[in-house]
Amino acid sequence: MARLSLLPRDRTFFDLFIEDGQNTLRAAQLLDRMMATWPDSGDLSKQIVDAEQEGDRITHDIIKRLNSTFVTPIDREDIYALATQVDDIVDYAEEAADFLGLYKIEAPMAQAQALTKVLVGACEQLAIGLEHLRDFKDLDKYWIEIHRLENEGDRISRDAVASLFSNGIDPMVVIRWKDMFAVLENAIDATETAAQTLEGIVIKNS
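Because the structure is a prediction, the values reported are computed rather than measured.

Cut-offs and rules
Residues numbered from 1 in each chain as written. Predicted model: local features only at pLDDT ≥ 70, side-chain atom pairs only at ≥ 80, totals over all residues. Heavy atoms only, no water. Salt bridge = Lys/Arg side-chain N within 4 Å of Asp/Glu carboxyl O. Helix = DSSP H or I, 4+ residues; strand = E, 2+ residues; numbered from the N terminus. Buried < 20%, exposed > 50% of the residue type's maximum accessible area, 1.4 Å probe, protein only. Contact = heavy atoms within 4.5 Å. Polar contact = N/O pair within 3.5 Å; in protein donor to acceptor, adjacent residues only side chain to side chain. Phe/Tyr/Trp six-rings, centres within 6.5 Å; stacked < 30°, edge-to-face > 60°. pLDDT = per-residue confidence, 0-100.

**A few points about the pattern of salt bridges**
- Scanning the entire structure with this criterion turns up 12 salt bridges.
- In this structure, Asp61 and Arg57 form a salt bridge, with 2.5 Å as the shortest nitrogen-oxygen distance. Linking Asp61 with Arg57, this pair stays in helix α2 (residues 44-68), spanning four residues, or about one helical turn.
- Residue classification places Asp61 among the partly exposed positions, given a relative accessible area of 25%.
- The salt bridge partner of Glu77 is Lys204, with a shortest N-O separation of 4.0 Å. Remark: Lys204 occurs in helix α6 (residues 171-205) and Glu77 occurs in helix α3 (residues 76-102); sequence separation between them is 127 residues.
- Its relative accessible area of 47% is what places Lys204 among the partly exposed residues.
- Each member of the salt-bridge network shares a partner with another, and the members are Glu19, Glu54, Arg57 and Asp61.

Spelled out as structure tokens, the structure:
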């Protein structure tokens, strides 16, 4: 009977993670659209900032609830880690969007567009995984696919950086795009970090 009394609090944590996953996917999709249409991207930059602020709100709500809940459905350190790791993804997406304007990028490189598509794919898998987190089972396919996508992102990023140094590109352009590729890779890496935490949660609770 004691377990039943905890269910409402369980659902709140899990519902917040579902909301977080959807917001992260939205930020990735907005960045992908921005990278595809830049510099004619309208208010997509503002929408990404809004998504970043929404991510901060959700993370704050999770941590606030964590600090006020005596018994949690999963380990406290896992809740905190997952919340902050998912938040990192949106932060990196917002940073990449900011770089487009800050560095006065005239047109996106094809590899950057490929990386944002990889990021969308990884965020899709993460969002679905978070939707099924409360079941603690059958999540391995999501983190396996995120790992595959992270490897693909590494390959695209390495090839992109190599191309910067092999085509006689202006050094300032090289610096800007190196930074851009690094932050996009950080965003994709953050999805794998969150997926590893998901894996740990499932192992502990299965």
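**Notes on the environment of Ser157**
- As for its placement among the helices and strands, Ser157 is situated in helix α5 (residues 140-164).
- Remark: the alpha-carbon pair of Ser157 and Leu184, spanning 27 residues in sequence, is separated by 8.5 Å.
- Apart from residues lying up to four places away in sequence, Ser157 is in contact with Leu115, Phe181 and Glu185.

**Quick look at the side chain of Thr69**
- With respect to the element layout, Thr69 can be found in the loop between α2 and α3.
- Overall, Thr69 belongs to the buried group, its relative accessible area being 4%.
- Of note is the side chain of Thr69, whose polar atom sits 2.6 Å from the backbone oxygen of Arg65.

**Focus on the packing of aromatic side chains**
- Following the criterion strictly, the structure yields three aromatic pairs and no others.
- Centroid distance Phe14 to Phe136: 6.0 Å. Interplanar angle 70°. Geometry classified as edge-to-face. Highlighted residues: Phe14 in helix α1 (residues 2-37) and Phe136 in the loop between α4 (110-131) and α5, separated in sequence by 122 residues.
- When the centroid spacing of 4.9 Å and the interplanar angle of 20° are considered together, the rings of Phe99 and Tyr103 count as stacked.
- By relative accessible area, Tyr103 is classed as buried at 19%.

**Things to note about the confidence of the model for the protein**
- In this model, the protein carries an average pLDDT of 91, and 95% of its residues clear a pLDDT of 70 or more.
- For the protein, α1 is the element with the lowest average pLDDT, namely 83, and α4 is the one with the highest, namely 97.
- For residues 1-9, every residue scores under 50 in pLDDT, and the model assigns this stretch six contacts once sequence neighbours within four places are set aside.

**Thoughts on unusual backbone geometry**
- A cis amide bond links Trp38 with the next residue in sequence, Pro39, at an omega value of 10°.
- Topologically, Pro39 is positioned in the loop between α1 and α2.
- Positive phi, normally seen in glycine, also occurs at Phe136, with a value near 60°.
- Here Phe136 falls in the buried class, since its relative accessible area comes to 15%.
- Here the phi dihedral of Asp138 falls at roughly 60°; this positive angle occurs in a residue that is not glycine.

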